[in-house]
Amino acid sequence: MPIAFKQVSYEYSPGTPFAYDALKNVSVEISLGKVTAIIGSTGSGKTTLVQHLNALLLPSKGEVEVLDRVILSSEKPKQLKSLRQQVGLVFQFPEYQLFEETIIKDVMFGPLNFGIEKEEALLRSMHALTVVGLDETFAEKSPLDLSGGQKRRVAIAGILAIDPNVLVLDEPTAGLDPQGSKSMMSLFMKMNRDYGKTVLIVTHDMEHVLNYCDEVIVLNQGSVVLKTDVKSFFRDEKLLDELNICPPKIVSMRRKLNDRGLHLDEGIVDVATLAKEIAGRVK
Amino acid sequence: MKQVEVKNLRFSYDDEVDAVKNVSFSVEKGTYTCIIGHNGSGKSTIAKLLIGLIDRNEGEIMIDGIVLTDKTIYDVRNKIGIVFQNPDNQFIGSTVKDDIAFGLENHQVDPAKMDEIIHHFAKEVNMIDYLENEPTRLSGGQKQRVAIAGVLAMRPDILILDEATSMLDPKGKEEVNALVDRIHEAHDMTIISITHDIEEVIKSDQVFVMNEGEIVMQGCPNDVLVHADKLIEMALDVPFTVKVALELKKYGIDVDMTMDMERMVEQLCQLPLSK
């Protein structure tokens, strides 16, 4: 398995009064080439989990296998640089991390740091900016002149310019307006469908999980309680209730209609299909 | 009674493009108003103009019958409290208690009375057990509730929320929304909420839709939110039930554009369906 957590535990501030187990004996595999959602309430360990993927955090116990490398506790993995080149991590609110005087310089910082030649880095960065929907007129502007959503795009372009195989996004749509968050999710879909990237998204938005993700990992108090494909996840009403997850609107409506004896197929997850199904049944 | 009255408001950040163009509206006392619009449509600019953080180029703002001018700005600000989007950007005190105290100290409230006021409002937002806590160790929802307590301690008549829940997780969002509803009811507080949360809009009394600095639609949610095509054109969200009604229309099935999920389910069950 190319990405796998094997009995991983992580403790923050060990040996101090603030010691805290953020991950407890986590074993889970992440499928390459898919879009995986990581969900769970605040403090459940989502961010801690994904920060292991490029060895920003090292496990206190257990091991993490990432693309033929093994990350162990207390031992820095060899070839750390090439690991970080292959696993691109976008933090929460990455717009606060822009620091260069022009946008293009900021995007180029990553590739240059990884030893890419300047010309190549420039080409890649221009391309990355186009991919995130900012044309060349933005290149020489100051990042400070952009809106919050645009800044976030620049930060993501900075990761895309490194051209990682695995893209990890920690709450990438938090605080964006509906349109901004939709186009952000489409961008990640494109990275997966057209460029074959493995995408991991930490999110609270169940509509996004349903509409964009293939698989879902549920965390609770530092443990993985479930890993499954998204369709069967939203089919299991009992489980959703147990996990205290408010299902997407379409799922609740289907549930309510079925409670009234409609027997709608549980595979119906979008409004268009629901309407078609209902229309087909009108006598 | 009209508590907020805005006439022909115009504002430009750079003297080239108007961020707010000829906007007029009014808000009745004790009502819940939502302002929606995509990023950059001028929503937050309106909020900043109302509290005089930025100065209008043209037009008139009247709060509780007081015209906002350089001379009346502090009277106006006494009537309005505002909570911003990012919970981390509005903490001043090193403990929850200090943070709530900040506004009171600024208003030179008698220190002997301060403790009682702080306790009262910490209780109101359900943060009484956290008075000595450091803000950094609170969740986003808790931080926003403390921010609201700090604002309430100033006893405003109007509470403006500038995307106050958009950075919160579902639990935090629920906590803050429930608190705002409670304040709205209990104090007859006028609420003006800038939001992207369509569920919040549905339960409001009136909604303003902003696009490119103008209010392009206004009215009660039931009248405004059914114009799905216009909303989508402006990159805005449409209530789920409206999406269902629109899809059904394609098949020649007419149902009422209700905002209420239960009513929509009821309508669908009334159709002559084979089960």
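Here is what the cut-offs are and how they apply
- Residues numbered from 1 in each chain as written.
- Chains lettered and ligands numbered in written order.
- Predicted model: local features only at pLDDT ≥ 70, side-chain atom pairs only at ≥ 80, totals over all residues.
- Helix = DSSP H or I, 4+ residues; strand = E, 2+ residues; numbered from the N terminus.
- Pairing = 2+ DSSP bridges.
- Axes fitted to C-alpha atoms, helices over the stretch in contact; angles between N-to-C directions.
- pLDDT = per-residue confidence, 0-100.
- Left-handed = near helix turned anticlockwise from the far one by under 90°.
- Contact = placed C-beta atoms within 7 Å.
- Nonpolar A, V, L, I, M, F, W, Y, C, P; charged D, E, K, R; others polar.
- Buried ≥ 20, exposed ≤ 12 C-beta atoms within 10 Å, placed from the backbone.

Visitor: How should the environment of A:Ser82 be read in this particular structure?
Guide: Of note, A:Ser82 is situated in helix 2 (residues 80-86). For the pair A:Ser82 and A:Leu56, spaced 26 residues apart in sequence, the C-alpha to C-alpha distance is 13 Å.

Visitor: Explain the sheet that holds strand 1 (residues 3-12) of chain A to me, please; I cannot follow it from the model alone.
Guide: Strands in a sheet are paired, the pairing made by backbone hydrogen bonds, and the direction either parallel or antiparallel. All names here are of chain A. In space, the four strands of this open sheet follow the order 2-1-4-5, with antiparallel pairing throughout. Pairing within the sheet leaves two strands with one partner each, and these edge strands are strand 2 (20-30) and strand 5 (69-72). Ignoring strand direction, the axes of neighbouring strands in this sheet form an average angle of 25°. Strand direction decides the pairing type here: strand 1 and strand 2, joined by seven bridges, are antiparallel. Paired with Tyr 10 across the bridge in strand 2 is Leu 23.

Visitor: Is there a simple way to think about the confidence of the model for chain B in this case?
Guide: Low pLDDT means the predicted atomic positions in that stretch should not be read closely. For chain B, per-residue confidence averages 92 on the pLDDT scale, and 100% of positions sit at 70 or higher. Interface confidence in the predicted complex, given as ipTM, is 0.79; pTM for the same model is 0.86.

Visitor: Whenever I open this one, the packing of helix 3 (residues 96-106) of chain B against helix 4 (residues 111-124) of chain B confuses me. Can you help?
Guide: Helix-helix packing is described using two parameters, namely the angle between the two axes and the distance between the axes. Residues and elements named next belong to chain B. Helix 4 packs onto helix 3 with a crossing angle of 120° between their chain directions and a minimal axis gap of 10 Å. Considering the relative orientation of helix 3 and helix 4, their crossing is right-handed. For the pair helix 3 and helix 4, contact is made by Lys 97, Ile 100, Ala 101 and Leu 104 and by Met 114, Ile 117, Ile 118, Phe 121 and Ala 122, respectively. When its residues are assigned to classes, the contact of helix 3 with helix 4 shows eight nonpolar, no polar and one charged.

Visitor: Sorry, what's going on with the interface of chain B and chain A here?
Guide: By a widespread convention, an interface's size corresponds to the accessible area lost as its parts come together. Contacts between the two partners involve 31 residues from chain B and, on the opposite side, 29 residues from chain A. Elements represented by at least two residues in the side of chain B that touches chain A include exactly helix 6 (170-187), helix 10 (240-249) and helix 11 (261-270) of chain B. The element that contributes the greatest number of residues to the side of chain B that touches chain A is helix 10 of chain B, accounting for five residues. The residue makeup of the side of chain B that touches chain A, split by class, is 16 nonpolar, eight polar and seven charged.

Visitor: Just to check I follow, could you spell out unusual backbone geometry for this structure?
Guide: Residues and elements named next belong to chain B. Although it is not a glycine, Asp 15 sits at a positive phi angle of roughly 65°. Mapped onto the elements of the fold, Asp 15 is located in the loop between strand 1 (2-12) and strand 2 (18-28). On the basis of neighbour counts, which here come to 7 C-beta atoms within 10 Å, the residue Asp 15 falls in the exposed class. Its identity is not glycine, yet Asn 126 carries a phi of approximately 65°, on the positive side. Among the structural elements, Asn 126 can be located in the loop between helix 4 and helix 5 (140-152).

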